[in-house]
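Here are the chains, one letter per residue:
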Amino acid sequence: MSDQIKFIVDNLNKEPFKKSYNLITFDSLEPMQLLQVLNDVLAEIDPKQVVDIREEMPEQTAKRMLSLLGILKYKPPGNATDMSTFRQGLVIGSKPVIYPVLHWLLQRTNELKKRAYLARFLIKLEVPSEFLQDETVADTNKQYEELMEAFKTLHKECEQLKTSGFSTAEIRRDISAMEEEKDQLIKRVERLKKRVETVQNHQRMLKIARQLRVEKEREEFLAQQKQEQKNQLFHAVQRLQRVQNQLKSMRHAAADAKPESLMKRLEEEIKFNSYMVTEKFPKELENKKKELHFLQKVVSEPAMGHSDLLELESKINEINTQINQLIEKKMLRNEPIEGKLSLYRQQASIISRKKEAKAEELQETKEKLASLEREVSVKTNQAREFDGTEVLKGDEFKRYVSKLRSKSTVFKKKHQIIAEFKAEFGLLQRTEELLKQRLENIQHQLQTIEEKKGISGYSYTQEELERVSALKSEVDEMKGRTLDDMSEMVRKLNSLVSEKKSALAPVIKELRQLRQKCQVGEEECDLKRFLFNLCYLVCGLKNNRSLFLQEVRGLREECLQEESKYHYTNCMIKNLEVQLHRAVDEMKAYVSSDQQEKRKAIREQYTKNIAEQENLGKKLREKQKAVRESHGPNMKQVKMWRDFEQLMECKKQCFLKQQNQTSIGQVIQEGGEDRLIL
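Residues numbered from 1 in each chain as written. Predicted model: local features only at pLDDT ≥ 70, side-chain atom pairs only at ≥ 80, totals over all residues. Heavy atoms only, no water.

Going by the annotation in an unreviewed UniProt entry, the name recorded for the protein is Intraflagellar transport protein 81 homolog, with Myotis lucifugus given as the source organism. The heading Subcellular location (unreviewed entry) in the UniProt record of the protein holds the text "Cytoplasm, Cytoskeleton, Cilium basal body". According to UniProt, the comment filed for the protein under the heading Sequence similarities (unreviewed entry) is "Belongs to the IFT81 family." (UniProt positions renumbered as here; feature names shortened; annotations may be inferred.)

Peer 1: Would you mind going over the packing of helix α7 (residues 109-122) against helix α9 (residues 135-163) with me for this structure?
Peer 2: Helix-helix packing is characterised by the crossing angle of the two axes and by the distance between the axes. Packing of α7 against α9 leaves a shortest axis separation of 10 Å and a crossing angle of 155°. Our classification of the angle between α7 and α9 gives roughly antiparallel. Side by side, α7 and α9 meet where Lys-114, Tyr-117, Leu-118, Phe-121 and Leu-122 of the first sit next to Met-148, Phe-151, Lys-152, His-155 and Glu-159 of the second. When the residues that make up the contact of α7 with α9 are grouped by side-chain class, the tally is six nonpolar, one polar and three charged. (Axes fitted to C-alpha atoms, helices over the stretch in contact; angles between N-to-C directions. Helix = DSSP H or I, 4+ residues; strand = E, 2+ residues; numbered from the N terminus. Parallel < 35°, antiparallel > 145°, perpendicular 65-115°, else oblique. Contact = heavy atoms within 4.5 Å. Nonpolar A, V, L, I, M, F, W, Y, C, P; charged D, E, K, R; others polar.)

Peer 1: Can you help me understand the state of the cysteines in this one?
Peer 2: Within this structure, the stated rule accounts for zero disulfides. Cys-525 forms no disulfide, and the closest cysteine sulfur to it belongs to Cys-518, at a distance of 9.6 Å. Here Cys-525 falls in the partly exposed class, since its relative accessible area comes to 37%. In this model Cys-650 remains outside any disulfide bridge; the closest cysteine sulfur is found in Cys-654, 4.4 Å from its own. (Disulfide = S-S within 2.5 Å. Buried < 20%, exposed > 50% of the residue type's maximum accessible area, 1.4 Å probe, protein only.)

Peer 1: Just to check I follow, could you spell out a nonpolar patch on the surface for this structure?
Peer 2: A cluster of nonpolar side chains, namely Leu-527, Phe-530, Leu-531 and Leu-534, defines an oily patch on the protein surface of about 390 Å² accessible area. Here Leu-527 is to be found in helix α16 (residues 458-591). Residue Leu-527 is classed as exposed on the basis of its relative accessible area, which comes to 51%. (Patch = residues over 30% accessible without salt bridge, like charges linked within 9 Å, V, L, I, M, F, W, Y side chains within 5 Å. Areas by Shrake-Rupley, 256 points an atom, 1.4 Å probe, with all protein chains shown as cover. Salt bridge = Lys/Arg side-chain N within 4 Å of Asp/Glu carboxyl O.)

Peer 1: Sorry, what's going on with a positive patch on the surface here?
Peer 2: Judged by side-chain charge, Lys-187, Arg-188, Arg-191 and Arg-195 come together as a positively charged surface patch. As for its position among the elements, Arg-195 is in helix α10 (residues 168-197). (Lys, Arg positive; Asp, Glu negative; His and termini not counted. Charge placed at Lys NZ, Arg CZ, Asp CG, Glu CD.)

Peer 1: Help me understand the nonpolar core in this model?
Peer 2: Soluble globular proteins tend to pack their nonpolar side chains together in the buried interior. Core analysis: the biggest nonpolar cluster contains 32 residues, and Leu-12, Phe-26, Leu-38, Leu-72, Leu-102 and Leu-105 have the highest contact counts within it. Elements with a contribution of two residues or more to this core: α1 (2-13), α3 (31-45), α4 (58-71), α5 (80-92), α6 (95-107) and α7. Broken down by element, this core gets its largest block of residues, eight residues, from α6. Apart from the residues within four sequence positions on either side, Leu-12 is in contact with Phe-17, Lys-18, Lys-19, Tyr-21, Phe-26, Val-37, Val-41 and Leu-106. (Core = buried A, V, L, I, M, F, W, Y, C linked by side-chain atoms within 4.5 Å.)

Here's what the structure looks like:
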């Protein structure tokens, strides 16, 4: 219990409660205060529970808390009789009832918040069947159920999105990056369009490019289909291989075996399978069911504290001691028949355990064999994919080995020849390096001799002159060839020009006639354009006038708005000045040492009003308490007063009837008798 209280106090001192309790102050809380703490925790889970306990009747408080705890699926410890004590303890604020509730609520606050939120939308309203016969009510109920299902799906999607790891910031960054890329692509497309528009037949080229893109997409789709068909073919080949292997194994077994051996093998398999089905699997299923039942029982029970665990451990120890005592008593009896039976039982249990172990080993070996067969099939398929050939077996493998040996001898010979070539290449490379060094030495000696003779750079200039002369001869040859080509090209162009002139002569005549017609059409077009410009100018002036009028109206409205803003700001300034003046007066009155001035301060007036209202509230609460206490007697007095009124009314009616009777005759009382004289 102390651990439970400590856990409750620690959680109440944290966010969002901030109660600043310790163990002593929390344990010394009154029942009403404890109920208020429980209500605050429930209000944190469900905001609708924000209520002041003092302003609510105890029955309503208990009903409200019990309904929320039922929605949150809180299970109080005990049976039905304990439920009544639980309700009474909740009404009176009993600590043994409220402490476990607080402990359970504070352990799973976030989970219960989610459950309370979902309960607002998923608790179905039960409509009586007689009301559902009305079509409008039935349609509304159906729509209500559909909306509930839609909420369930949307909530599941929301939870999946929350747990999927995507954050809104990352999505926004991705969206902004995609928008930037989109803008860049739009700009690039516009630049390309402008560049393409200058090219001739760009529409035809665009059409061809579009067709090319469609064909490429179709090619990708066909390649994807081809890959899918390859995968299907691969899986079909795998299945075929498995079936072929099974067929081979069955044929091999059928070829080597006799009917008696086959029957014996089948009987063994049937015995094994029947043992697995009738003995092993039912035991495992029963054990799993027991474990599941035990786990469900553990889940259904409320959360256990350290003290509960200690109690359970003590109970377990007691039961173990009782079991040990019973075993010792049984051993002390020493009955011979039981001893013999125990030996047989031990042997039977040992045999059953061995049988179970062998069955498990057989099952494991079968699984290993199946996995190895699958690995072999996978490896063969991989080898076929890499090499394109199947795995060799028997004589084929021997022939393949002999080929490899012959190829290895050839490889060794070729490798020896390559080594000789490499050695010769190394020697030649070395001789080349030596010759280059000798050439450098000779050039160095030649340069020193040229410097001594005063003709330094002679050999270099000689080489350059030879190189330049060779280049000049090549250029001259190219020039000669280009001149011949140019003359041939000029001749061809002249012939083409003459052919084109002869072909274009009739076209030029038609063009002259068309130019004259075009000149007449241009004159008419200029006249029409002039008239159109005049009409457009007149219409433009009218439109400009209407635009100017609209602009003037808008400016007038803006002027009126600015004037209203000006007057509003002046009023606000005056109000602020008045408030500032009041604040200064208030500050002076609050700071001054004169008690009369302090009494005039607004703060003092408000504190006085607050104190009066608090006193009034106390009096009203006392009056309410007195009214509650005297409610029963007052109601009895009111009932008695109503009965008295009815009695007096009855007497009044009787008196009125008596007066009516006296008007008809006269009643005389004599000697204790009444006589009526008419």
